[in-house]
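Structure at a glance
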Amino acid sequence: QLDIRGGSCLSALVLVLCVLCYFVANIYQNKFSATLENRIFPMNCFQMLWMAMAIAAFAVFELLTDGFQFSTTTITYGMVAGVITLLGSLCLLGALSKGPLSLTILIFSMYVVVPPVLAMIFLGEKATICQLIGIVLIIIVIILSNYNKDESGKKYSRVWWLLCIGSVIFTGLSNYLVKVHQTKLPGLEQREY
């Protein structure tokens, strides 16, 4: 086994690689979705394929370091977060197929508001100035983007709005569960989760 866990340089490299891969995957996902003519099944296969590749890469990395260590808590939270993430992804794909890409992604980006709000309510955390400024800025951007009508003046469907809201809530809830997991197991099983 290689002892590469403690290297901050390696951690930074892995983070950069993850961000780069996610960026490239989103570009290809958008190109692929443009060819589907409102069919969702191939997009689900695309997502499953790139997630399987990510799991394989992660498994190789773990096996080269100290291996996997799963507790019941990690398995339980991981399974719940997986289902919630899947629901968020399905809502996002549905919203992308029924509305404008740019506005859908803009609304979807509001998922970052959900974890801190839930942490304040359920974990007793205090909001930071940066979090409050971020929440206010996101709300202002949504209001200024004239979200009620598209370029031709047509209102968006309720289904599209529900799918957008579902993608925000489910994705935000999934990210909140990361915080809950680390509240239960501080500093433990982060990579396994």
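No experiment lies behind these values; they were computed from the predicted model shown. (Residues numbered from 1 in each chain as written. Predicted model: local features only at pLDDT ≥ 70, side-chain atom pairs only at ≥ 80, totals over all residues. Heavy atoms only, no water.)

1. Side note on helix α5 (residues 114–122)
The criterion, for reference: Exposure classes here rest on a 1.4 Å probe applied to the protein chains alone. A residue is buried below 20% of its type maximum, exposed above 50%, and partly exposed in between. The helix count covers DSSP runs of H or I at least four residues long, the strand count covers runs of E at least two residues long, and both are numbered beginning at the N terminus. Throughout, a residue-residue contact means that at least one pair of heavy atoms, one from each residue, lies within 4.5 Å.
Within the sequence span of α5, burial applies to V114, P115, P116, L118 and A119. At its buried positions, α5 is contacted by α6 (129–144) and α7 (158–184). G124, located one to two residues past α5, shows a positive phi value of around 70 degrees.

2. Observations concerning the pattern of salt bridges
For clarity, the threshold we go by: For salt bridges, the criterion is a side-chain nitrogen of Lys or Arg within 4 Å of an Asp or Glu carboxyl oxygen.
Under the criterion given, the structure shown has one salt bridge. A salt bridge links K179 to E125, with the shortest nitrogen-to-oxygen separation between them at 2.8 Å. Residue K179 is found in helix α7, and its partner E125 is found in the loop between α5 and α6; the two are separated by 54 residues along the sequence. When its relative accessible area of 29% is taken as the criterion, E125 is described as partly exposed.

3. Examining the packing of helix α4 (residues 101–108) against α7
Rules: Note on method: axes are straight lines fitted to C-alpha atoms, helices fitted across the in-contact stretch only, with angles between N-to-C directions ranging 0 to 180 degrees. Take the far helix as the reference: if the near one is turned anticlockwise from it by less than a right angle, the crossing is left-handed, and if turned clockwise, right-handed. Gly is put with the polar residues, along with every residue not named as nonpolar or charged; the nonpolar set is Ala, Val, Leu, Ile, Met, Phe, Trp, Tyr, Cys and Pro, and the charged set is Asp, Glu, Lys and Arg.
Packing of α4 against α7 leaves a shortest axis separation of 9 Å and a crossing angle of 35 degrees. Judged by the twist between their axes, the crossing of α4 over α7 is right-handed. For the pair α4 and α7, contact is made by L103, T104, I107 and F108 and by W160, W161, C164, S167, V168 and T171, respectively. The residue makeup of the contact of α4 with α7, split by class, is seven nonpolar, three polar and no charged.

4. Quick word on the packing of helix α3 (residues 72–98) against α7
Note the following rule: Just so you know how the angles are binned, under 35 degrees is roughly parallel, over 145 roughly antiparallel, 65 to 115 roughly perpendicular, and the rest oblique.
Where α3 contacts α7, the two axes come as close as 7 Å, and the packing angle between them is 160 degrees. Classified by the angle their axes make, α3 and α7 are roughly antiparallel. At the point where α3 passes α7, the crossing takes the left-handed sense.

5. Brief notes about the nonpolar core
As a reminder of what qualifies: Nonpolar cores were defined as sets of buried Ala, Val, Leu, Ile, Met, Phe, Trp, Tyr and Cys residues, with membership established by side-chain atoms within 4.5 Å.
Counting 19 residues, the largest nonpolar core has A95, L103, I107, W160, C164, Y176 and L177 as the members making the most contacts within it. Of all elements in the fold, only α3, α4, α5 and α7 reach the threshold of two or more residues within this core. Counting residues per element, this core draws most heavily on α7, at seven residues. Contacts of W160, omitting those with residues within four sequence positions, involve A95, K98, G99, P100, L103, T104 and I107.

6. A word on the side chain of E189
Quick note on the threshold: We call two N or O atoms a polar contact when they sit within 3.5 Å, provided that within protein one can donate a hydrogen and the other can accept it, with sequence-adjacent residues counted only if both atoms are side-chain atoms.
Secondary-structure assignment places E189 in the segment after α7. In terms of polar contacts, E189 uses its side chain to reach the backbone amide nitrogen of S71, at 2.9 Å. Within the local environment of E189, its side chain forms a polar contact with the side chain of T74, the two groups lying 2.4 Å apart. When neighbours within four sequence positions are excluded, E189 is seen to be in contact with Q69, F70, S71, T74 and H181.

7. Thoughts on the confidence of the model for the protein
Rules: By definition, pLDDT measures how confident the predictor is in each residue, and it falls between 0 and 100.
Averaged over all residues, the pLDDT of the protein equals 80, while 84% of them reach at least 70. Mean pLDDT in the protein bottoms out at helix α1 (residues 8–33), which sits at 72, and peaks at α7, which reaches 94. Scored below 50 in pLDDT, residues 1–6 makes 13 contacts in the model with residues more than four places away or belonging to other chains.

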